[in-house]
Amino acid sequence: RVLEVDNIILCAGQISKRDLEQAAIDSGSDLAEKVFTIGGAYEASELDAKRAIDMGTRLALKIDDDSVVPGEHKFQADVGAEEKLFNAMKKFM
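These remarks concern the structure in this document.

About the thresholds
- Residues numbered from 1 in each chain as written.
- Predicted model: local features only at pLDDT ≥ 70, side-chain atom pairs only at ≥ 80, totals over all residues.
- Heavy atoms only, no water.
- Helix = DSSP H or I, 4+ residues; strand = E, 2+ residues; numbered from the N terminus.
- Buried < 20%, exposed > 50% of the residue type's maximum accessible area, 1.4 Å probe, protein only.
- Contact = heavy atoms within 4.5 Å.
- Areas by Shrake-Rupley, 256 points an atom, 1.4 Å probe, with all protein chains shown as cover.
- Salt bridge = Lys/Arg side-chain N within 4 Å of Asp/Glu carboxyl O.
- Patch = residues over 30% accessible without salt bridge, like charges linked within 9 Å, V, L, I, M, F, W, Y side chains within 5 Å.
- Lys, Arg positive; Asp, Glu negative; His and termini not counted.
- Charge placed at Lys NZ, Arg CZ, Asp CG, Glu CD.

## A look at the overall build of the protein chain
Line of reasoning, step 1. Across its full length, the protein chain carries 4 helices and 2 strands.
Line of reasoning, step 2. Along the chain direction, N to C, the helices and strands of the protein chain fall in the order β-α-β-α-α-α.
Line of reasoning, step 3. Out of the 93 residues in the protein chain, the part that is buried amounts to 23%.
Line of reasoning, step 4. Within the protein chain, residue pairs in contact and separated by at least 24 positions form 64% of the contacts whose partners lie at least 6 positions apart.
Line of reasoning, step 5. Put simply, the protein chain shows about 6800 Å² of open surface, and 55% of that area lies on carbon and sulfur atoms.

## Thoughts on the environment of glutamate 21
Line of reasoning, step 1. Looking at the secondary structure, you find glutamate 21 in helix 1 (residues 19-27).
Line of reasoning, step 2. Its relative accessible area of 5% is what places glutamate 21 among the buried residues.
Line of reasoning, step 3. Measuring from C-alpha to C-alpha, the distance between glutamate 21 and isoleucine 9 comes to 9.5 Å, with 12 residues separating the pair along the chain.

## Here's the deal with the pattern of salt bridges
Line of reasoning, step 1. One pass over the structure, following the stated rule, counts 1 salt bridge.
Line of reasoning, step 2. As a salt-bridge pair, aspartate 54 and arginine 58 come within 2.9 Å of each other at their nearest N and O atoms. Here the residue aspartate 54 and the residue arginine 58 both occupy positions in helix 3 (residues 48-62), the gap between them amounting to 4 residues, near one helical turn.
Line of reasoning, step 3. Owing to a relative accessible area of 23%, aspartate 54 belongs among the partly exposed residues under this scheme.
Line of reasoning, step 4. The exposure class assigned to arginine 58 is partly exposed, which follows from its relative accessible area of 34%.

## Points about the environment of alanine 32
Line of reasoning, step 1. On the secondary structure map, alanine 32 appears in the loop between helix 1 and strand 2 (35-37).
Line of reasoning, step 2. In this structure alanine 32 comes out as partly exposed when scored by relative accessible area, which is 21%.
Line of reasoning, step 3. Along the chain, alanine 32 and glutamate 21 lie 11 residues apart, while their C-alpha atoms are 6.9 Å from each other.
Line of reasoning, step 4. Residues within four places of alanine 32 in sequence aside, it is in contact with Ala24, Ile25 and Pro70.

## Overview of a nonpolar patch on the surface
Line of reasoning, step 1. Taken together, the side chains of Leu85, Met89 and Met93 present a nonpolar region at the surface, about 370 Å² in accessible area.
Line of reasoning, step 2. By the element assignment, methionine 93 lies in the segment after helix 4 (81-90).

## Re a negative patch on the surface
Line of reasoning, step 1. Negative charge collects at one region of the surface, where Glu4, Asp6, Asp64, Asp65 and Asp66 lie side by side.
Line of reasoning, step 2. Within the element layout of this structure, aspartate 66 appears in the loop between helix 3 and helix 4.
Line of reasoning, step 3. When its relative accessible area of 76% is taken as the criterion, aspartate 66 is described as exposed.

Laid out in structure tokens, this is it:
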């Protein structure tokens, strides 16, 4: 089944995986302007679910903004208190 869509947002996995985004770029079609990779697929690290939700929310709020460029976006908040605490505790594990 083929769906006609305005944008494609990839947020899958716990490993950085940008194959579909790269395939869209390599194809030379206008599809490359519509593929956004977020969350663990964009950059895998600890606390991915929280980061993915944050990135998805920020992208949704700005997706129609012309300054949002797939592959060059970074919709990510500063490191929060939970992640700072987690990183500090990892030193003792």
